[in-house]
Amino acid sequence: MNDWGLGELADPLHCQKPVDVGGRDVSVLLDQLKMMMRIRLAERCLADAKRDGLIGGPVHLGVGQEAIAVGVSTKLRKSDRVFGGHRSHSHVLSLGADLHRLFAEVLGRDTGLSRGMGGSMHLWDRPNGFYGAVPIVAGTVPLAMGAGLAAKLQCTNDIGVAYLGDGAVEEGVVHESLNLARITKSPVLFVVENNLFASHMHISLRQPKEATARFAAANDMPYEVVDGNNVVEVNQAAKRLIDNARAGNGPGFLEAVTYRWYGHVDWREDIDVGVNRSLDDVTQWRKRDPIARLAAGLENEGIIRGNDVQEMEVEIAKEIEETWSSAMKDPYPKDSTLLSRVYVSSEG
Ligand SMILES: Cc1ncc(C[n+]2csc(CCOP(=O)(O)OP(=O)(O)O)c2C)c(N)n1
Ligand SMILES: [Mg+2]
């Protein structure tokens, strides 16, 4: 019987081993490694820029959590309907968003993903299947549910995807969405990035049990609880739930246990550490690094060698530096566009 604790998945001293990549598609694994590195370095660039006062609005960084979006996105199509929240850089980048447009959005420039009107928490990239992120915690969850239901009614075989945090699960609308998705057998994947914290507060101070998957069980919905720092595990669980949804069997719930290395918002690790979080915890969780673990797994199988990761890093870092410098030169939106972009118009 399930006691709904997370056991070793929530313990940083466990799950530090290399990712087992045996028998898996090498080109997919290498793409996943590169994408996680790209997201990591892009967010580190944002952290530095925030520290240096170059970014006006807040930035919520997901460094340490990259394997979840990358593991899920590998199984999605451009026509799926994906929704995020306040910590969504990884969600949009792993779908293939243009990095320049993400940086430009965070900088409030006219070339940004939301034409510079939203910043880091209002991302939109419809051509890649990203229907939007908003800062209202859980605000997009019912939208993802509705998008899944619409796909079902339109017989497109696409799915809705809602990324949400463990804190978001405490919003009533999430429970209504789970119920409605299940009762209408809508193709929706709920992906809970359980990083054990909502702002500064540990889940043990907010909930009687750590696992949010118990709410899926309450709605008679298939669920999986996985190590969110293991891209292969995330990927395999996402595949099972997505295949099941596309086959017409209704929604699924993926709980991926992870940890964010930075504080709740902006660039510091030693701030906003919360009632239950110490820098020792951060140090331990760094050893469960999803990127280093995948790289070690690839090395064990002889797919990559000693210097390969460093070489990839140098190449990606160069791209990021150039992209950032170029986005910094982009113009701000004109004042005259302030109202014309409040609602969707023919301008798009
Ligand atoms: C409706 C609503 N309530 C409160 C907030 C303030 N707030 C922003 S993020 C956050 C914590 C969210 O925690 P979680 O869902 O676990 O996501 P994480 O930050 O851990 O990624 C809170 C309370 C908000 N933005 N919206
Ligand atoms: Mg959280």
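Residues numbered from 1 in each chain as written. Chains lettered and ligands numbered in written order. Predicted model: local features only at pLDDT ≥ 70, side-chain atom pairs only at ≥ 80, totals over all residues. Heavy atoms only, no water.

Engineer: Let's hear about the packing of helix α5 (residues 141-153) against helix α6 (residues 172-183): which residues, and what values?
Structural biologist: Running from amino to carboxyl end, α5 crosses α6 at an angle of 15°, the nearest separation of the two axes being 9 Å. Taken together, the axes of α5 and α6 lie roughly parallel to each other. Crossing hand, α5 versus α6: left-handed. Packed against α5, whose contacting residues are V141, P142 and M145, the element α6 presents V173, V174, S177, L180 and A181 at the interface. Of the residues in the contact of α5 with α6, the class split is seven nonpolar, one polar and no charged. (Axes fitted to C-alpha atoms, helices over the stretch in contact; angles between N-to-C directions. Helix = DSSP H or I, 4+ residues; strand = E, 2+ residues; numbered from the N terminus. Parallel < 35°, antiparallel > 145°, perpendicular 65-115°, else oblique. Left-handed = near helix turned anticlockwise from the far one by under 90°. Contact = heavy atoms within 4.5 Å. Nonpolar A, V, L, I, M, F, W, Y, C, P; charged D, E, K, R; others polar.)

Engineer: Can you explain helix α10 (residues 290-300)? Please cite residues and give values.
Structural biologist: Regarding α10, the residues found buried are P290, I291, R293, L294, A295, G297 and L298. On its buried side, α10 packs onto α1 (26-51), α2 (66-73), β7 (223-227), α8 (231-249) and α11 (308-328). Among the residues trailing α10, G302 stands out with phi positive, at a value near 75°. (Buried < 20%, exposed > 50% of the residue type's maximum accessible area, 1.4 Å probe, protein only.)

Engineer: Before we move on, could you go through unusual backbone geometry and cite the residues and values that matter?
Structural biologist: The backbone of W4 shows a phi angle near 65°, a positive value even though the residue is not glycine. Residue position: W4 is located in the segment before α1. Given a relative accessible area of 17%, W4 falls into the buried group.

Engineer: Quick rundown of the coordination of the magnesium ion (ligand 2)? Include the residues and the values.
Structural biologist: The protein atoms that coordinate the magnesium ion (ligand 2) are D166 (OD), N195 (OD1) and F197 (O), at distances of 2.1 to 2.2 Å. For the magnesium ion (ligand 2), all donor residues lie on one chain, and their spacing in sequence is D-x28-N-x1-F. Here D166 is found in the loop between β3 (160-165) and α6, whereas its partner N195 is found in the loop between β4 (188-194) and β5 (197-198), with 29 residues between them in sequence. A single burial state applies to D166 and to N195, both of which are buried. (Donors = N, O, S within 2.8 Å, 3.2 Å for Na, K, Ca; no water.)

Engineer: Explain empty space enclosed by the protein to me, using residue names and the numbers behind them.
Structural biologist: Per the stated rule, a full pass over the model turns up one cavity of 30 Å³ or more. Empty space within the largest cavity amounts to approximately 50 Å³. Lining the largest cavity, in full, are I39, E43, G62, Q65, E66, R87, H89 and S90. At the level of secondary structure, the elements contributing two or more residues to the lining of the largest cavity comprise α1 and α3 (89-94). Counted by class, the lining of the largest cavity contains one nonpolar, four polar and three charged residues. (1 Å grid on protein atoms, 1.4 Å probe; cavity = no way out; pocket = protein on both sides within 12 Å on 5 of 7 lines; lining within 4 Å. Points joined across faces, edges and corners; volume = space filled by probe spheres on them.)

Engineer: Describe the site of ligand 1, with residues and values.
Structural biologist: Of all residues adjacent to ligand 1, which total 15 residues, the nearest are H86, R87, G167, A168 and N195. In this structure, a nitrogen atom belonging to ligand 1 sits 3.1 Å away from a main-chain N or O atom of V137. Between an oxygen atom of ligand 1 and a main-chain N or O atom of A168, the distance comes to 2.9 Å. Protein chains bury 70% of the 590 Å² of accessible surface belonging to ligand 1 in isolation. Structurally, ligand 1 is housed in the second largest pocket. Residue composition of the shell around ligand 1, by class: six nonpolar, six polar and three charged. (Near = heavy atom within 4 Å. Polar contact = N/O pair within 3.5 Å; in protein donor to acceptor, adjacent residues only side chain to side chain. Areas by Shrake-Rupley, 256 points an atom, 1.4 Å probe, with all protein chains shown as cover. Sits in = over half its atoms within 2 Å of the grid points.)

Engineer: Please give an account of the layout of surface pockets that cites residues and values.
Structural biologist: Here the idea is plain: a probe the size of a water molecule rolls over the atoms and shows the empty space left. Computed from the structure, the second largest pocket encloses a volume of approximately 430 Å³. In this structure, the second largest pocket is lined by 29 residues; those nearest its centre are H86, V137, G165, G167 and A168. Broken down by secondary-structure element, the contributors of at least two residues to the lining of the second largest pocket are β3 and β5. If one sorts the elements of the lining of the second largest pocket by residue count, β3 sits on top with three residues. Its residues assigned to classes, the lining of the second largest pocket shows eleven nonpolar, 14 polar and four charged.

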